[in-house]
Amino acid sequence: MAERPEDLNLPNAVITRIIKEALPDGVNISKEARSAISRAASVFVLYATSCANNFAMKGKRKTLNASDVLSAMEEMEFQRFVTPLKEALEAYRREQKGKKEASEQKKKDKDKKTDAEEQDKSRDEDNEEDEERLEEEEQNEEEEVDN
Amino acid sequence: MADAVAGRDKCGEPRLVSLPLSRIRVIMKSSPEVSSINQEALVLTAKATELFVQHLAACSYRRGSGRERKALTYTDLSKTAEELETFQFLADILPKKILASKYLKMLKEKRDEDEEENDSGDGNDGDEAES
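Just so it is clear, the structure is predicted and the values come from calculations on it, not from any experiment. (Residues numbered from 1 in each chain as written. Chains lettered and ligands numbered in written order. Predicted model: local features only at pLDDT ≥ 70, side-chain atom pairs only at ≥ 80, totals over all residues. Heavy atoms only, no water.)

Asks: Can you tell me about the overall build of chain A, naming the residues and giving the values?
Replies: Helix and strand content of chain A: five helices and two strands. Scanning chain A from its N terminus toward the C terminus, one meets helices and strands in the order α-β-α-β-α-α-α. Taking all 147 residues of chain A together, 39% fall into the buried category. (Helix = DSSP H or I, 4+ residues; strand = E, 2+ residues; numbered from the N terminus. Buried < 20%, exposed > 50% of the residue type's maximum accessible area, 1.4 Å probe, protein only.)

Structure below.
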């Protein structure tokens, strides 16, 4: 998939909403400031990814996992993010477990023709990486996450 | 900041993450050494980015030159990147702004300095003082 320049930016509307949540009511954000924060966010993703990747490589893994990201936050001196991120991770895992159980239930109710439903779970994923990642996910869920 | 959930999904449940995962993934994959990314890592990176945006905005606003002034400006951000160690990795992309006239003056001064160096290489009578 070729990357167009605009794909490396995050959507303005979402960025603006996130900024507003952090500021008192009625504070305006100049267009320039908003654009700068958006760029900063992209740089943050790159920096975090690179840092997390170092941890993955140390662990001789090719796939970045949740604990790599958490380690990266500590490394980058954003320890304040670690607790909310761990909470988000738990919530995400519960959500995924719920979805999995729901679809397994459907399988029991219908025949085995419902394999296609596994694809609905992750709308945001690329299809070619789907199966690879699902397998790795299950593998990773069994691995101990550092606390 | 603990509850940074924004927006709701179709069922009215608060979304875990607002930023689009597909876009975050594109940015992550543009990093050359990265081969693959576990879905959990993707979700956490997106969430961390949201926390970061809020942290940057809040810090910059607090340090801004006018808490009375009800606005967050580019200068607030640029100052924060320069002054706070935790945001120093942003210093290059959030440079300080200077007036065009000042920049042109700086260019001219630099050019004059270079010319003086060239002249003294020729060995003149030295009535030009070094500034």
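Having seen the model, we can carry on.
Asks: So what's going on with the overall build of chain B? Residues and values would help.
Replies: A count of helices and strands for chain B gives four helices and two strands. Counting from the amino terminus, helix and strand elements in chain B follow one another as α-β-α-β-α-α. When contacts within chain B are restricted to residue pairs at least 6 apart in sequence, long-range pairs at least 24 apart make up 29% of them. With the model as given, the accessible surface of chain B reaches about 7600 Å², and the carbon-plus-sulfur share is 49%. (Contact = heavy atoms within 4.5 Å. Areas by Shrake-Rupley, 256 points an atom, 1.4 Å probe, with all protein chains shown as cover.)

Asks: Account for the confidence of the model for chain A, with residues named and values stated.
Replies: Here chain A averages 83 in pLDDT, and 70% of its residues register 70 or above. Helix α3 (residues 66–75) of chain A holds the highest mean pLDDT among the elements of chain A, 97, whereas helix α5 (residues 127–142) of chain A holds the lowest, 55. (pLDDT = per-residue confidence, 0-100.)

Asks: An account of helix α1 (residues 12–22) of chain A is needed here, citing residue identities and associated values.
Replies: Given 3.6 residues per turn, any residue in an α-helix points the same way as the ones three and four places further on. Of the positions making up α1 of chain A, those classed as buried are Val 14, Ile 15, Thr 16, Ile 18 and Ile 19 of chain A. Against the buried residues of α1 of chain A lie β1 (28–29) and α2 (31–58) of chain A together with α2 (39–63) of chain B.

Asks: Tell me about the nonpolar core, and please be specific about residues and values.
Replies: Among the nonpolar cores identified, the biggest contains 60 residues, and Ile 37 and Met 73 of chain A together with Phe 52 of chain B are the most heavily contacted of them. Among the elements of the structure, α1, α2, α3 and α4 (82–109) of chain A together with α1 (21–29), α2 and α3 (74–83) of chain B are those that each provide at least two residues to this core. No other element matches α2 of chain B, which puts 13 residues into this core. Sequence-distant contacts of Ile 37 of chain A, defined by excluding residues within four places in its chain, comprise Ile 15 and Ile 19 of chain A together with Val 53, Leu 56, Ala 57, Leu 72 and Leu 77 of chain B. (Core = buried A, V, L, I, M, F, W, Y, C linked by side-chain atoms within 4.5 Å.)

Asks: Tell me about the interface of chain A and chain B, and please be specific about residues and values.
Replies: Many analyses report the size of an interface as the accessible area lost when the parts associate. Facing 70 residues of chain A, the contacting portion of chain B comprises 60 residues. Around 5900 Å² of area is buried between chain A and chain B when both sides are counted, 68% of it from carbon and sulfur atoms. Linking chain A to chain B there are two salt bridges. Linking Arg 93 of chain A and Glu 40 of chain B is a salt bridge whose minimum nitrogen-to-oxygen distance equals 2.7 Å. (Buried area = accessible area lost by both parts, 1.4 Å probe. Salt bridge = Lys/Arg side-chain N within 4 Å of Asp/Glu carboxyl O.)

Asks: Describe the side chain of Thr 80 of chain B, listing the residues and the values that go with them.
Replies: For Thr 80 of chain B, the position within the fold is in helix α3. Judged by its relative accessible area of 1%, Thr 80 of chain B is buried.

Asks: Go over the pattern of salt bridges with me, naming the residues and quoting the values.
Replies: Applying the stated criterion across every chain yields a total of seven salt bridges over all chains. When the shortest N-O distance is used, the salt bridge between Arg 61 of chain A and Asp 68 of chain A registers 2.8 Å. Residue classification places Asp 68 of chain A among the buried positions, given a relative accessible area of 2%. Asp 112 of chain B is the partner of Lys 108 of chain B in a salt bridge, and the nearest nitrogen-oxygen pair spans 3.3 Å.

Asks: Give me unusual backbone geometry: which residues, what numbers.
Replies: Residue and element names in this part refer to chain A. Phi is positive for Lys 60, close to 55 degrees, though the residue is something other than glycine. Position of Lys 60 among the secondary structure elements: in the loop between α2 and β2 (63–64). On the basis of relative accessible area, Lys 60 is assigned to the exposed category, the value being 78%. With a phi close to 65 degrees, Glu 77 is a non-glycine residue in the positive phi region. Structurally, Glu 77 can be placed in the loop between α3 and α4.

Asks: Residues and numbers for α3 of chain A, please.
Replies: With respect to burial, α3 of chain A is a largely interior element, seven of its ten residues being buried. Every buried residue of α3 of chain A is listed here: Ala 66, Ser 67, Asp 68, Val 69, Leu 70, Ala 72 and Met 73 of chain A. Each element contacted by the buried residues of α3 of chain A is listed here: α2, β2 and α4 of chain A together with α2 of chain B. Looking one or two residues beyond α3 of chain A, the residue adopting positive phi is Glu 77 of chain A, at roughly 65 degrees.

Asks: Tell me about the packing of aromatic side chains, and name the residues and values.
Replies: Per the stated rule, a full pass over the model turns up nine aromatic pairs over all chains. Between Phe 44 of chain A and Phe 52 of chain B the ring centres are 4.4 Å apart and the planes differ by 10 degrees, which places this aromatic pair in the stacked class. In this pair, Phe 44 of chain A sits in helix α2 while Phe 52 of chain B sits in helix α2, so the two residues belong to two different chains. Linked through ring pairs, Phe 44, Tyr 47, Phe 78 and Phe 81 of chain A together with Phe 52, Phe 87 and Phe 89 of chain B together constitute an aromatic cluster. (Phe/Tyr/Trp six-rings, centres within 6.5 Å; stacked < 30°, edge-to-face > 60°.)

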